[in-house]
Amino acid sequence: MLHVLYLIGVAAFAASGVLAAYRANMDPFGGLVLAFAASISGGTLRDLILDRRPLYWTHDWVLLTVIICVGVGTMVYLRFWSLPRKSLLVVDAIGLSVVTVIGARAAISAGATPLAVVILAVLTGVAGEVIRDVLCGEFPPLLLREDVYAIAALAGACCYLLMDRLGAGANPAAVVSAGLVFALRMGALYLGLHLPRPQQLRDRGRKDQKDPKGQKDAAAGAE
């Protein structure tokens, strides 16, 4: 089941790569390049850090076939139909949720420490998105613009690690953890949730300093 989930995550990232290329007005070759970059970058980085040879995608023809088919299929679809405005964010969330969990599983299998498991899981989930956005000339990448992105991956990695330590099966842990990442990411998108930024905190502090009367009125009302 984990391999099926991974193929789903890779397919989602491949589609997100093509969608990003489409929005950047790239040609079909650029679309395929971004499909591969978004799909395999995270896992490649993970395997290099863990010193795993050969790299996972070099001997998995099914995975490479899925990337090509999804990439070409997405380009054909875009040739005749348009996708909803947030389609890129949705498929990206699917890829993030699944690939993060697979990264955690791979790190645990390699005997990594709990902290290293979490770090490698997050890197596996977000690296493809960062490289995709950089190749599109999109600065800063989505990871640095959206607060609940790496945080969602972090929550999913911690959830998977905890369930693994508690003895839950690999499949239930994967489904629950991937569902958590997806729910957090989509919830943040549709509810507009994000962490307070330094600029917002500074502006709020200045506003409070400029409006001492409002603070006094609030204090009087509380009394």
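Report follows, based on the coordinates. (Residues numbered from 1 in each chain as written. Predicted model: local features only at pLDDT ≥ 70, side-chain atom pairs only at ≥ 80, totals over all residues. Heavy atoms only, no water.)

What the protein chain contains, in helices and strands, is 10 helices and 0 strands. Here the protein chain holds 223 residues, and 41% of them are scored as buried. Contacts in the protein chain between residues at least 24 apart in sequence constitute 72% of all its contacts with a sequence separation of at least 6. Just so you have it, the protein chain exposes about 11,800 Å², and 67% of that area is on carbon and sulfur atoms. (Helix = DSSP H or I, 4+ residues; strand = E, 2+ residues; numbered from the N terminus. Buried < 20%, exposed > 50% of the residue type's maximum accessible area, 1.4 Å probe, protein only. Contact = heavy atoms within 4.5 Å. Areas by Shrake-Rupley, 256 points an atom, 1.4 Å probe, with all protein chains shown as cover.)

To continue, consider a nonpolar patch on the surface. Among the surface-exposed residues, Ile68, Val72, Val76, Tyr77, Phe80, Trp81 and Leu83 lie close enough to one another that they form a single nonpolar patch of about 660 Å² accessible area. Tracing the sequence through the fold places isoleucine 68 in helix α3 (residues 61–80). For isoleucine 68, a relative accessible area of 41% translates into the label partly exposed. (Patch = residues over 30% accessible without salt bridge, like charges linked within 9 Å, V, L, I, M, F, W, Y side chains within 5 Å. Salt bridge = Lys/Arg side-chain N within 4 Å of Asp/Glu carboxyl O.)

Now for unusual backbone geometry. At the junction of arginine 53 and proline 54, the peptide bond is cis and its omega measures out at -10 degrees in the coordinates. Mapped onto the fold, proline 54 is located in the loop between α2 (28–50) and α3. A positive phi angle, close to 60 degrees, is found at aspartate 51, a residue other than glycine. Looking at where aspartate 51 falls in the secondary structure, it is placed in the loop between α2 and α3. Look at aspartate 51 and you get exposed, because its relative accessible area is 56%.

Its volume calculated, the largest pocket comes out at about 170 Å³. Every residue lining the largest pocket is listed: Leu2, His3, Tyr6, Arg46, Arg52, Tyr56, Ile102, Arg105 and Ala106. Mapped by element, the contributors of at least two residues to the lining of the largest pocket are α1 (2–23) and α4 (87–109). (1 Å grid on protein atoms, 1.4 Å probe; cavity = no way out; pocket = protein on both sides within 12 Å on 5 of 7 lines; lining within 4 Å. Points joined across faces, edges and corners; volume = space filled by probe spheres on them.)

Applying the stated rule across the entire model yields 3 aromatic pairs. Chaining the aromatic ring pairs together yields one cluster made of Tyr77, Phe80 and Trp81. For the cation-ring pair, arginine 46 lies above tyrosine 56, with the distance from its terminal atom to the ring centre recorded as 5.3 Å. (Phe/Tyr/Trp six-rings, centres within 6.5 Å; stacked < 30°, edge-to-face > 60°. Lys NZ or Arg CZ within 6 Å of the ring centre and 35° of its normal.)

With that settled, consider the packing of α1 against α2. Viewed as axis vectors pointing N to C, α1 and α2 meet at an angle of 140 degrees, and their least axial separation amounts to 7 Å. Classified by the interaxial angle, the pair formed by α1 and α2 is oblique. When you trace α1 past α2, the crossing you get is right-handed. Of the residues in α2, those touching α1 at Tyr6, Val10, Phe13, Ala14, Ser16, Gly17, Val18, Ala20 and Ala21 are Gly30, Gly31, Leu34, Ala35, Ala38, Ser39 and Gly43. Of the residues belonging to the contact of α1 with α2, the class tally is 10 nonpolar, 6 polar and no charged. (Axes fitted to C-alpha atoms, helices over the stretch in contact; angles between N-to-C directions. Parallel < 35°, antiparallel > 145°, perpendicular 65-115°, else oblique. Left-handed = near helix turned anticlockwise from the far one by under 90°. Nonpolar A, V, L, I, M, F, W, Y, C, P; charged D, E, K, R; others polar.)

Within the secondary structure, threonine 44 sits in helix α2. Classification of threonine 44 by relative accessible area gives buried; the value is 16%. Not counting residues within four places of it along the chain, the set of residues in contact with threonine 44 comprises Leu55, Tyr56 and Trp57.

As a packed pair, α2 and helix α5 (residues 114–135) sit with axes 7 Å apart at the nearest point and diverge in direction by 140 degrees. Comparing their axes, α5 and α2 come out oblique. The handedness of the crossing between α2 and α5 comes out as right-handed. Seen from α2, the contacting residues are Leu34, Ala37, Ala38, Ser41, Gly42, Gly43, Leu45, Arg46, Ile49 and Leu50; seen from α5, they are Leu120, Leu123, Thr124, Ala127, Gly128, Ile131, Arg132 and Leu135. Of the residues belonging to the contact of α2 with α5, the class tally is 11 nonpolar, 5 polar and 2 charged.

Per the counting criterion, the structure on display carries 0 disulfides. In this structure cysteine 159 is a free cysteine whose sulfur lies 8.8 Å from that of cysteine 158, the closest cysteine sulfur available. (Disulfide = S-S within 2.5 Å.)

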